[in-house]
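If you want the building blocks of each chain, they are given just below.
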Amino acid sequence: MIVLKTTRELSLMKEACVIAAGALKAAGEAVEPGVSTAEIDRIALDFIKKSGAIPTFKGYNGYPAAACVSINDEVIHGIPNKKRIIRAGDIVSIDVGATFNGYVGDNAATFAAGDISPEAQRLCDVTRESLYEGIKAAVAGGRIGDIGSTIQRYCEERGFSVVRDFTGHGVGKQMHEDPSVPNFGTPGRGVRLLPGMTIAIEPMINQGGAGIRQLPDGWTIKTRDGSLSAHFEHTVAITTNGPVILTKI
Ligand code: MF3
Ligand code: CO
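In what follows, the accompanying structure is described. None of the values given here were measured: they were computed from a predicted structure.

Further remarks concern the packing of helix α1 (residues 7–29) against helix α2 (residues 37–50). Contact geometry of α1 with α2 gives a least axis separation of 8 Å together with a crossing angle of 145 degrees. By crossing handedness, the relation of α1 to α2 is classed as right-handed. Residue-level inspection shows Ile19, Gly22, Ala23, Ala26 and Ala27 of α1 in contact with α2, the latter providing Ile40, Ile43, Ala44, Phe47 and Ile48. Of the residues that constitute the contact of α1 with α2, the class distribution is nine nonpolar, one polar and no charged.

Here we come to the site of ligand 1. Around ligand 1, a shell composed of 13 residues is seen, among which Asp95, Asp106, His169, His176 and Glu202 lie nearest. Asp106 is positioned such that a nitrogen or oxygen atom in its side chain is 3.0 Å from a nitrogen atom of ligand 1. In this structure, Glu202 approaches ligand 1 through a side-chain N or O atom, which is 2.6 Å from an oxygen atom. For the shell around ligand 1, the per-class residue count stands at six nonpolar, three polar and four charged.

Below, the discussion takes up the environment of Phe57. Within the secondary structure, Phe57 sits in the loop between β1 (54–55) and β2 (67–71). Sequence-wise, Phe57 and Val96 are 39 residues apart; in three dimensions their C-alpha atoms are separated by 7.3 Å. Once residues lying within four places of it in the same chain are set aside, the contact partners of Phe57 are Tyr63, Ala65, Ala66, Ala67, Cys68, Asp95, Val96, Gly97, Asp106 and Met175.

A few words now on helix α4 (residues 144–157). Here α4 spans 20 Å end to end across 14 residues, near enough to the 20 Å set by a 1.5 Å rise per residue. Counting buried positions along α4 yields ten of 14 residues, so the element is predominantly enclosed. Of all the residues in α4, the buried ones are Ile144, Gly145, Asp146, Ile147, Gly148, Ser149, Ile151, Gln152, Tyr154 and Cys155. Considering only its buried residues, α4 is in contact with α3 (118–136), β6 (161–162), β8 (177–181), β9 (198–201) and β10 (204–206). Of the residues flanking the end of α4, it is Gly159, one or two places downstream, whose phi is positive at about 90 degrees.

Attention now moves to the sheet that holds strand β11 (residues 212–214). The antiparallel open sheet is built from three strands, whose spatial order is β3-β12-β11. Unpaired on one side and paired on the other, β3 (74–76) and β11 mark the two borders of the sheet. Each adjacent strand pair in this sheet contributes to an overall mean axis angle of 40 degrees, direction not counted.

Attention shifts here to the sheet that holds strand β7 (residues 168–170). The strand order β8-β7-β9-β14-β15 describes an open sheet built from five strands, whose pairing is antiparallel. Of all strands in the sheet, those with a lone pairing partner are β8 and β15 (242–245), marking the two edges. Each strand axis lies, on average, 25 degrees off the axis of its neighbour in the sheet, ignoring direction. Strands in contact with α1 are β9, β14 (234–239) and β15; relative to β14, the strand with the most contacts, it is inclined by about 165 degrees. Contacts from α4 reach β8 and β9 within the one sheet, and its direction differs from that of β8 by about 40 degrees.

This next bit is on the side chain of Ser227. Among the structural elements, Ser227 can be located in the loop between β12 (221–223) and β13 (229–231). Looking at Ser227, its side chain comes within polar contact range of the side chain of Asp225, at 2.7 Å. If near-sequence neighbours (up to four positions away) are discounted, Ser227 is found in contact with Asn72, Asp73, Asn206, Gln207, Gly208 and Gly209.

Conventions and cut-offs
Residues numbered from 1 in each chain as written. Chains lettered and ligands numbered in written order. Predicted model: local features only at pLDDT ≥ 70, side-chain atom pairs only at ≥ 80, totals over all residues. Heavy atoms only, no water. Axes fitted to C-alpha atoms, helices over the stretch in contact; angles between N-to-C directions. Helix = DSSP H or I, 4+ residues; strand = E, 2+ residues; numbered from the N terminus. Left-handed = near helix turned anticlockwise from the far one by under 90°. Contact = heavy atoms within 4.5 Å. Nonpolar A, V, L, I, M, F, W, Y, C, P; charged D, E, K, R; others polar. Near = heavy atom within 4 Å. Polar contact = N/O pair within 3.5 Å; in protein donor to acceptor, adjacent residues only side chain to side chain. Expected span 1.5 Å × (residues − 1). Buried < 20%, exposed > 50% of the residue type's maximum accessible area, 1.4 Å probe, protein only. Pairing = 2+ DSSP bridges.

Set out below in structure tokens:
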């Protein structure tokens, strides 16, 4: 069931999204060689707590942390660990959610640790740009397939592949609401986009093949071929005035 939000509800949700964005910014600024992924999580958690919000991910299906921190060939859902140290040249994807006013804000970005290769930089740039292209396609009267097909085309034209096994999602009082928001698809197909819909658009883009595998920890998703992967996510409201990025500070 898709839950449409009123303007009043969107302004309550905006506050949750701004906190999630602040947590992501603070965590991202801490990415540098020598820092552990647990320290990144701690910074995100501290920001959420001092904002009076709840770390959405903690306890979600048993997830143990406030943030997911995924390095290089880890696509998503990397579990923070004090023994996992970020090294120069790594790309570090951070995904963090905050619950405030009863609403969830969900966002992610990939950050560079020290100097990274031109190939890694290109992957991050294209993934970020594909998110903004997808957001532009999130207009009332359009369809979910307009978003995914835009992201897919943008990334595949540039030689990258779209992870199929995970998608974006509706977001509101729950972190995961209907509809599913794939990063691939066909223009004009899928659920109709309506004012008041709030969705998390989150391209997960691989340098090599689209295949993934899950590690025995039950969470971490890696590329099957060991190639790099990047991930950017915003929570977006569809309005009569066009898409509004709620997780923008
Ligand atoms: N932000 C992720 C998503 O968009 C959720 C993280 S899974 C969790 O679906 F278990 F860590 F919460
Ligand atoms: Co999400």
